[in-house]
Amino acid sequence: MNIRISKPAEKLEEQRGLVCPGCGCAHFRVLYTRAAWGGRIIRRRECRHCGRRITTYERSTG
Ligand SMILES: [Zn+2]
């Protein structure tokens, strides 16, 4: 017997898992990018949907 078990489709995570805490969408407009100490990059983002602004900290490679 050849029984095939179909796995439930796994959801692919968003690239960074960054979603707006206000509306849950993932579309942001970058207001400005700024380098910080320790090789970090600060990005100020604004949600395109509800206009909520969030700040993200990223590590630059290298
Ligand atoms: Zn939003």
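Check the entry above for the structure.
How each quantity is defined
- Residues numbered from 1 in each chain as written.
- Predicted model: local features only at pLDDT ≥ 70, side-chain atom pairs only at ≥ 80, totals over all residues.
- Pairing = 2+ DSSP bridges.
- Helix = DSSP H or I, 4+ residues; strand = E, 2+ residues; numbered from the N terminus.
- Axes fitted to C-alpha atoms, helices over the stretch in contact; angles between N-to-C directions.
- Buried ≥ 20, exposed ≤ 12 C-beta atoms within 10 Å, placed from the backbone.
- Contact = placed C-beta atoms within 7 Å.

Quick notes on the pairing of strand S2 (residues 40–47)
Stage number 1. Sheet topology note: the strand S1 (residues 28–36)/S2 ladder contains eight bridges and is antiparallel. For Thr33, the partnering residue across the bridge sits in S2 and is Arg43.
Stage number 2. Between S1 and S2, which pair antiparallel in sequence order, lie three residues; one of them, Gly38, sits at a positive phi of approximately 80°.
Stage number 3. In this sheet, strand S3 (residues 53–59) lies alongside S2 in antiparallel orientation, the contact comprising seven bridges. Of the residues in S3, the one forming a bridge with Arg44 is Thr55.
Stage number 4. Two successive antiparallel strands, S2 and S3, enclose a turn made up of five residues, where Gly51 displays a positive phi of approximately 85°.

Describing the sheet that holds S1
Stage number 1. Pairing is antiparallel across the open sheet formed by three strands, whose spatial order is S1-S2-S3. Strands at the two margins of the open sheet, each flanked by one partner only, are S1 and S3. Neighbour-to-neighbour, the strand axes of the sheet open up by a mean angle of 25°, direction not taken into account.

A short note on the environment of Cys25
Stage number 1. Looking at the secondary structure, you find Cys25 in the segment before S1.
Stage number 2. Given 13 C-beta atoms within 10 Å, Cys25 falls into the partly exposed group.
Stage number 3. With 24 residues separating them along the chain, Cys25 and His49 place their C-alpha atoms 7.3 Å apart.
Stage number 4. Residues contacting Cys25, with those up to four places away along its chain left out, are Val19, Cys20, Cys47 and His49.

Remarks on the environment of Gly51
Stage number 1. By the element assignment, Gly51 lies in the loop between S2 and S3.
Stage number 2. A tally of 11 C-beta atoms within 10 Å means that Gly51 is categorised as exposed.
Stage number 3. Remark: the alpha-carbon pair of Gly51 and Phe28, spanning 23 residues in sequence, is separated by 8.8 Å.

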